[in-house]
Amino acid sequence: MDPCSFLICGRPSAHFCVMSHDEPLVLERYRKLVEEIAGRYIDAEVVLVPSIAEWMISIGASVQEASGDRNRLGKSLWGSPSARDTIVLRTPLTRDDVSTYCLYLELRRFRRAHLLNQSVECLKHLVLHEVAHIKHDWRQDREKDCDRWAFNQLKRWA
Ligand SMILES: [Zn+2]
């Protein structure tokens with residue numbers, strides 16, 4: 001499964017991840033941070049949308065092709081000769097999104113998953129994860145590598 005798509009059912013328990021109490025992150029307010037992080041590693045456009053699946057359809061994907069993007073928080077597109085590399089993020093990033101993201105990484109045995117319980121930290125990791133795909137040309141079979149690389153870079157953005 002792809003950590004970019006959160007299909008885990010149910011809510012994470014407090015055992016895995018204590019809910020953070022911050023408000024949903026309206027990513028438009030964090031565009032500068034997202035662009036700064038991405039720009040440190042790659043040249044990519046940042047697109048903020050309410051639905052990644054709808055956005056994919058708007059750029060020509062079929063409904064079927066976009067169905068896998070329905071629950072995604074982030075997606076990266078790269079390697080096209082005719083289009084700039086792109087990171088697409090769903091806005092806003094809600095507390096449930098953050099909890100689910102933490103849970104996913106806990107289940108993958110990332111010991112630092114709890115560090116992402118703060119929404120801004122979660123956003124940074126999500127952006128770094130998408131950067132990793134583009135920077136290293138890592139496809140969907142390298143999700144764990146993307147997560148690991150993102151954790152390693154995260155300290156630069158404290
Ligand atoms: Zn990914």
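Residues numbered from 1 in each chain as written. Predicted model: local features only at pLDDT ≥ 70, side-chain atom pairs only at ≥ 80, totals over all residues.

Caption draft 1: Expanded view of the overall build of the chain. Of the regular secondary structure elements, the chain holds six helices and three strands. Walking the chain from its N terminus toward its C terminus, one meets helices and strands in the order α-β-α-α-β-β-α-α-α. Across the 158 residues in the chain, those meeting the buried criterion constitute 38%. Look at the contacts in the chain between residues 6 or more apart in sequence, and 67% of them connect residues 24 or more apart. (Helix = DSSP H or I, 4+ residues; strand = E, 2+ residues; numbered from the N terminus. Buried ≥ 20, exposed ≤ 12 C-beta atoms within 10 Å, placed from the backbone. Contact = placed C-beta atoms within 7 Å.)

Caption draft 2: Broad picture of the environment of Trp-55. Considering the arrangement of structural elements, one finds Trp-55 in helix H2 (residues 52-58). Of the residues examined, Trp-55 has 20 C-beta atoms within 10 Å and is grouped as buried. Residue contacts for Trp-55: discarding those within four places in its chain leaves Val-47, Val-49 and Val-88.

Caption draft 3: Looking closely at helix H1 (residues 31-41). The set of residues buried in H1 consists of Val-34, Ile-37 and Ala-38. End-on, the buried residues of H1 take up no more than an arc of 90°, which puts them together on one face. The outward face of H1, more than 90 degrees from its buried face, is lined by the exposed residues Lys-32, Glu-36, Gly-39 and Arg-40. Summarising the contacts, the buried residues of H1 are in contact with strand E1 (45-49), strand E3 (86-90) and helix H5 (119-136). (Arc of directions from axis to C-beta.)

Caption draft 4: Representation of the sheet that holds E1 within the structure. An order of E1-E3-E2 is seen for the three strands of this open sheet, with the pairing classed as mixed. The open sheet has two free edges, formed respectively by E1 and strand E2 (74-77), since each of these has just one partner strand. Taken over all neighbouring pairs, the strand axes of this sheet differ in orientation by 20° on average, direction set aside. (Pairing = 2+ DSSP bridges. Axes fitted to C-alpha atoms, helices over the stretch in contact; angles between N-to-C directions.)

Caption draft 5: Examining the environment of Pro-92 more closely. Considering the arrangement of structural elements, one finds Pro-92 in the loop between E3 and helix H4 (95-107). Classification of Pro-92 as partly exposed rests on a count of 16 C-beta atoms within 10 Å. Each C-alpha atom, one on Pro-92 and one on Glu-28, is 8.4 Å from the other, the two residues being 64 residues apart in sequence. Leaving out residues up to four positions away in the same chain, Pro-92 has contacts with Pro-24, Leu-25, Val-26 and Leu-27.

Caption draft 6: Structural detail: the packing of H5 against helix H6 (residues 143-154). Axis separation between H5 and H6 bottoms out at 8 Å; the angle between their running directions is 125°. In terms of orientation, H5 and H6 fall into the oblique class. The element H5 and its partner H6 pack so that their crossing is right-handed. Two secondary-structure elements touch here, H5 through Lys-124, His-125, Leu-128, His-129, Ala-132 and His-133 and H6 through Cys-146, Asp-147, Trp-149, Ala-150, Gln-153 and Leu-154. Its residues placed into classes, the contact of H5 with H6 shows six nonpolar, four polar and two charged. (Parallel < 35°, antiparallel > 145°, perpendicular 65-115°, else oblique. Left-handed = near helix turned anticlockwise from the far one by under 90°. Nonpolar A, V, L, I, M, F, W, Y, C, P; charged D, E, K, R; others polar.)

Caption draft 7: The arrangement of the nonpolar core in detail. Of all hydrophobic cores here, the largest spans 37 residues; its most connected members are Tyr-101 and Val-127. For this core, the secondary-structure elements that each account for two or more residues are H1, H2, E3, H4, H5 and H6. (Core = buried A, V, L, I, M, F, W, Y, C linked by C-beta atoms within 7 Å.)

Caption draft 8: Geometry of the packing of H1 against H5. Interaxial distance between H1 and H5 falls to 10 Å at its minimum, and their mutual angle equals 30°. As judged from the angle between their axes, H1 and H5 are roughly parallel. In this structure, the crossing between H1 and H5 has a hand that is right-handed. When H1 is examined against H5, the residues Val-34, Ile-37, Ala-38 and Tyr-41 are found in contact with a partner set consisting of Lys-124, Val-127, Leu-128, Val-131 and Lys-135. Here the contact of H1 with H5 is built from residues that sort into seven nonpolar, no polar and two charged.

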